[in-house]
Amino acid sequence: MAASAIELRGVNKWYDTFHVLKDIDLTVASGEKVVICGPSGSGKSTVVRCINKLEPHDTGIIRVFGQEITNDPRSYSAMQGDLGMVFQQFNLFPHLSVLENLTLGPTKALGLNRKEAEERARRYLERVRIPDQADKRPSQLSGGQQQRVAIARALCMEPKVLLFDEPTSALDPEMIAEVLDVMITLAQDGMTMVVVTHEMGFARKVADKMVFMDGGEIVEQGPPDHFFTTPKSERCKTFLSQILQH
Amino acid sequence: MRISSFLALASLAVLAGCGSSATWGWYVIDPTTAAGWTNIKFLISGMGDTILISVIAAVISIVLGLLVALPGLSEKRGWRIVNRVYVELIRAIPLLPMLFWVFYGLPIIFRSMGLNVPIDPFWGAIITLALSDSAFTAEIYRAGIQSIAKGQREAAQTVGLSYAQTMRYVILPQAIRRILPPLANQFIYIVKMSAFASVIGMQELTRRANELVVTEYRPLEIYTLLILEYLILVLLISAGVRWLERRMGSDERS
Ligand SMILES: Nc1ncnc2c1ncn2[C@@H]1O[C@H](COP(=O)(O)OP(=O)(O)OP(=O)(O)O)[C@@H](O)[C@H]1O
Ligand SMILES: [Mg+2]
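Note that the structure is predicted; figures quoted are calculated from it, not measured.

J.: Is there a simple way to think about the overall build of chain A in this case?
T.: Looking only at helices and strands, one finds nine helices and 10 strands in chain A. For 246 residues, the compact-globule formula gives about 18 Å, and the C-alpha radius of gyration of chain A, at 18 Å, lands near that figure. Expressed along its principal axes, the backbone C-alpha trace of chain A runs to roughly 55 × 45 × 40 Å. Looking at the 246 residues of chain A, the share that counts as buried comes to 57%. For chain A, the proportion of contacts with a sequence separation of at least 24, taken over those separated by at least 6, is 65%. Of the roughly 10,600 Å² that chain A leaves accessible, carbon and sulfur atoms contribute 48%. Between the centroid of the 28 positive side chains of chain A and the centroid of its 32 negative side chains there is a distance of 3 Å.

J.: So what exactly am I meant to see when it comes to helix H3 (residues 98–108) of chain A here?
T.: Given 3.6 residues per turn, any residue in an α-helix points the same way as the ones three and four places further on. Within H3 of chain A, nine of the 11 residues are buried, which leaves the element mostly enclosed by the surrounding structure. Along H3 of chain A, the residues that are buried comprise Val98, Leu99, Asn101, Leu102, Thr103, Leu104, Gly105, Pro106 and Thr107 of chain A. On its buried side, H3 of chain A packs onto helix H4 (114–127) and helix H5 (143–155) of chain A together with helix H8 (163–193) of chain B.

J.: Which parts of the structure should I look at to understand the packing of aromatic side chains?
T.: Each aromatic ring pair is characterised by the separation of its centres together with the angle its planes make. As enumerated under the stated definition, the model contains seven aromatic pairs over all chains in all. Look at Phe212 of chain A and Phe239 of chain A: their rings are 5.2 Å apart centre to centre, the planes differ by 45°, and that puts the pair in the tilted class. Here the residue Phe212 of chain A occupies a position in strand S9 (residues 209–214), and Phe239 of chain A occupies one in helix H9 (residues 234–245), the gap between them amounting to 27 residues. Just as Phe212 of chain A is buried, Phe239 of chain A falls in that class too. Note on Phe122 of chain B and Trp123 of chain B: the rings are 5.4 Å apart at their centroids and 85° apart in plane angle, and the pair reads as edge-to-face.

J.: Would you mind showing me how to read the interface of chain A and chain B here?
T.: Tallying the contact residues gives 22 residues for chain A and 19 residues for chain B. For the pair chain A and chain B, the two sides together bury roughly 1,700 Å², of which 56% comes from carbon and sulfur. At the boundary of chain A and chain B, one finds one salt bridge. Counting the contacts that link chain A with chain B gives seven residue pairs in polar contact (both at pLDDT 80 or more).

J.: Please clarify how unusual backbone geometry should be interpreted in this entry.
T.: All names here are of chain A. You will see that Asp16, though not glycine, has its phi angle at about 55°, which is positive. Mapped onto the fold, Asp16 is located in the loop between strand S1 (6–15) and strand S2 (18–28). You will see that Asp23, though not glycine, has its phi angle at about 45°, which is positive. Position of Asp23 relative to the elements: it lies in strand S2. When its relative accessible area of 54% is taken as the criterion, Asp23 is described as exposed.

J.: Where do I start with the pattern of salt bridges in this structure?
T.: Oppositely charged side chains can pair when the atoms bearing their charge come close. All names here are of chain A. What the rule picks out here adds up to 24 salt bridges over all chains. The shortest N-O distance in the salt bridge between Glu118 and Arg114 comes to 3.5 Å. With Glu118 and Arg114 both in helix H4 and four residues apart, this pair spans about one turn of that helix. Here Lys237 makes a salt bridge to Glu234, at a shortest N to O gap of 3.4 Å. With Lys237 and Glu234 both in helix H9 and three residues apart, this pair spans about one turn of that helix.

J.: How should I be thinking about the sheet that holds strand S7 (residues 161–165) of chain A in this particular structure?
T.: Two strands in a sheet stick together by hydrogen bonds in their backbones, pointing the same way (parallel) or opposite ways (antiparallel). Residues and elements named next belong to chain A. Strand order in the open sheet formed by six strands is S6-S7-S8-S3-S9-S10, with mixed pairing between adjacent strands. Of all strands in the sheet, those with a lone pairing partner are strand S6 (83–86) and strand S10 (217–222), marking the two edges. Neighbour-to-neighbour, the strand axes of this sheet turn through a mean angle of 15°, independent of strand direction. The pairing of strand S3 (residues 33–37) with S9 spans four bridges and is classified as parallel.

J.: I'm lost on a nonpolar patch on the surface in this one. Help?
T.: Residues and elements named next belong to chain B. On the surface, a nonpolar cluster with roughly 490 Å² of combined accessible area is contributed by Ile51, Val55, Val59, Ile62, Val63 and Leu67. Secondary-structure assignment places Ile51 in helix H3 (residues 47–72). Ile51 sits in the partly exposed class, given a relative accessible area of 38%.

J.: Could you clarify how one ought to interpret the site of ligand 1 in this entry?
T.: All names here are of chain A. Neighbouring residues of ligand 1: Tyr15, Phe18, Val20, Pro39, Ser40, Gly41, Ser42, Gly43, Lys44, Ser45, Thr46 and Glu166. Gly41 places a polar main-chain atom, nitrogen or oxygen, 2.8 Å from an oxygen atom of ligand 1. Between ligand 1 and the protein, one listed contact pairs an oxygen atom with a side-chain N or O atom of Thr46 at 2.4 Å. In the complex, the protein chains occlude 60% of the 640 Å² of accessible area that ligand 1 would expose alone. For the shell around ligand 1, the secondary structure elements donating two or more residues are S2 and helix H1 (44–51). Per element, the largest residue contribution to the shell around ligand 1 is three residues, and it comes from H1. A per-class count over the shell around ligand 1 returns four nonpolar, six polar and two charged.

J.: Could you clarify how one ought to interpret helix H2 (residues 34–44) of chain B in this entry?
T.: Listed as buried for H2 of chain B are Gly36, Asn39, Ile40 and Leu43 of chain B. Buried positions in H2 of chain B, seen along its axis, are confined to an arc of 100° and lie on one side of it.

Rules and cut-offs
- Residues numbered from 1 in each chain as written.
- Chains lettered and ligands numbered in written order.
- Predicted model: local features only at pLDDT ≥ 70, side-chain atom pairs only at ≥ 80, totals over all residues.
- Heavy atoms only, no water.
- Helix = DSSP H or I, 4+ residues; strand = E, 2+ residues; numbered from the N terminus.
- Rg over C-alpha atoms; globule rule 2.2 N^0.38 Å.
- Buried < 20%, exposed > 50% of the residue type's maximum accessible area, 1.4 Å probe, protein only.
- Contact = heavy atoms within 4.5 Å.
- Areas by Shrake-Rupley, 256 points an atom, 1.4 Å probe, with all protein chains shown as cover.
- Lys, Arg positive; Asp, Glu negative; His and termini not counted.
- Charge placed at Lys NZ, Arg CZ, Asp CG, Glu CD.
- Phe/Tyr/Trp six-rings, centres within 6.5 Å; stacked < 30°, edge-to-face > 60°.
- Buried area = accessible area lost by both parts, 1.4 Å probe.
- Salt bridge = Lys/Arg side-chain N within 4 Å of Asp/Glu carboxyl O.
- Polar contact = N/O pair within 3.5 Å; in protein donor to acceptor, adjacent residues only side chain to side chain.
- Pairing = 2+ DSSP bridges.
- Axes fitted to C-alpha atoms, helices over the stretch in contact; angles between N-to-C directions.
- Patch = residues over 30% accessible without salt bridge, like charges linked within 9 Å, V, L, I, M, F, W, Y side chains within 5 Å.
- Near = heavy atom within 4 Å.
- Nonpolar A, V, L, I, M, F, W, Y, C, P; charged D, E, K, R; others polar.
- Arc of directions from axis to C-beta.

Right under this line is the structure:
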């Protein structure tokens, strides 16, 4: 079998004395969709941010396509093209047009020329269903549109894995569906995805594996049918009953 | 600014009104007489050096300040300490002793290292002004860059930008709006502080005024014109900055 896309083995992390990640073991196969959920403060964001090195981890091993990622910048500059990231707060570049947001990475980091980068950008804008907003500033778009631009920006780097950290929790309810629809399309096209979200409808539809975190630990992980119908731990049951009430 | 310049000119007019009394001697700078006109031309001839010194010092300070600010933003404690030491030290040294140190001290130090680096008054003044000002510009950059949300840097990193590219294309273009107004204030500071260059013999505005005072014995009138000269420079800078800000503001809206 080919090396897994992402592999975490015994990963620990501390903020000073606060043990934020405890012995995290997680494998994401190529093409797999993993959904991470859990109460606030359980360490979901931190897991994702350690994978793409927005945060250093302290002990354990993180591999991306078989290559170990240490806290040495040289080790992760190589994998950076493999991982795309979508943030809760979009983090679009407000001083650039939508098109420039999308072409910045490809021109500066991948060395594409302007024309190639713009063609690619327009292709992905089409994919996230906002082909006609290319020349606007992010602030002129709705939240849902902004998040779709952010997804397109990540796609423009043609990553092998997309990481999402609560991509819909900063959105007004009526805009959540348009973002989830785009994500479902990506999933159907075979993209490998790691998604932190509380959207359980989305999880049921696309997840190959559910991960439940609490207190810095992975309490439970497994296929979604088991996870939703017969969760093993009490903590997971409680969490699910709370979240599914809404 | 327009009101303040009006007030300044009005108070000058009042002073001029007192000129009929015996204590004033505005004749030294009376443009209608040949002697007065010659004096005025002599005083204004320092303008070129004042502007040149100030502009070059400001340019160096703007680059140097950024270089000093960056380690101050590092995650690594060691780098931040380098920044703190530089800023605290440079900021604490008064301009005049620093000027003496640069002009008289540096050549001695260079010579003891076997180097012959002469420092003329022109570059001595520029180095001192740039050095002194860089501690302040560094703090301005640091505050401006820190005001840009961390998410911007992270987003840039996830689309593969290097540190330098992130600064160049993402952080600085956004920070510049907050950095520019205080940088302009610092430029005004440099223009005024460039008067110290007179001490080591630069023929700039203040030096010219001092020289004329020595021959004419009319310090009050001559220094009044000196104030007016600096006022004009400062007002020009203010106007330039407002023009720049307006241009960038309209950029933002489009
Ligand atoms: N930079 C930091 N310094 C100290 N503590 C931090 C830092 N970042 C996060 N934490 C703490 O680590 C814990 C895990 O944070 P994390 O953001 O990973 O949680 P999360 O599961 O994503 O929560 P949420 O659902 O609220 O986003 C929290 O208790 C948080 O307060
Ligand atoms: Mg989070």
